[in-house]
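A look at the structure
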Amino acid sequence: ARELELPTSLMIAVESYWEILDKYVEVKKRLLKQMNNLAKKERYAKAVSIIQSIPGVGRLTAIRLVLEWGEDIGESIKSGKSLACFAGLTQ
C-alpha cells in the first residue's frame, strides 16, 4: 500500500510523513487506553456512568467531561437538557 513510484526526494518526504502518522496512531491508542482505564476507576466510575447514560454520550466523552468539570458533575447532570444547561448551551 505504501509502494509508490516517486522521485527519491519526494519518497523520503512521504516516508517521513508515514512515520509521523504511525507515531500519532500509537500515541492515540495509548491515550484512549488511559482514558478508558480512568473511566473505570472508583473515583470516576459513578459520574462517568451517569453522564454516559445520556443518549449520544459515550465513555470517552463522559470521562473527558468528568475530568474537566469534576467527579461531582454526575450528581447535577441527569439528562441531555441538564448537560446542555450546565455547559451554557441552553437555559
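Structure: above.
Conventions adopted
- Residues numbered from 1 in each chain as written.
- Predicted model: local features only at pLDDT ≥ 70, side-chain atom pairs only at ≥ 80, totals over all residues.
- Heavy atoms only, no water.
- Salt bridge = Lys/Arg side-chain N within 4 Å of Asp/Glu carboxyl O.
- Helix = DSSP H or I, 4+ residues; strand = E, 2+ residues; numbered from the N terminus.
- Buried < 20%, exposed > 50% of the residue type's maximum accessible area, 1.4 Å probe, protein only.
- Arc of directions from axis to C-beta.
- Patch = residues over 30% accessible without salt bridge, like charges linked within 9 Å, V, L, I, M, F, W, Y side chains within 5 Å.
- Areas by Shrake-Rupley, 256 points an atom, 1.4 Å probe, with all protein chains shown as cover.

**Here we look at the pattern of salt bridges**
The full count for this structure, using the stated rule, is one salt bridge. A salt bridge links E68 to R64; the shortest N-O distance between them is 2.9 Å. One end of the pair, E68, and the other, R64, are both in helix α3 (residues 59-69), four residues apart, so they sit about a helical turn from each other. On the basis of relative accessibility, which here comes to 47%, the residue E68 falls in the partly exposed class.

**Considering helix α2 (residues 42-52)**
Taken together, the buried positions of α2 are occupied by Y44, A47, V48, I50 and I51. For α2, the angular spread of the buried residues around the axis is 160°, confining them to a single face. Exposed residues pointing more than 90 degrees away from the buried face of α2 are listed as E42 and K46.

**What about a nonpolar patch on the surface?**
A grouping of Y17, I20 and Y24 is seen on the molecular surface, where their side chains present a nonpolar patch of about 410 Å² in accessible area. Among the structural elements, Y17 can be located in helix α1 (residues 8-40). Judged by its relative accessible area of 61%, Y17 is exposed.

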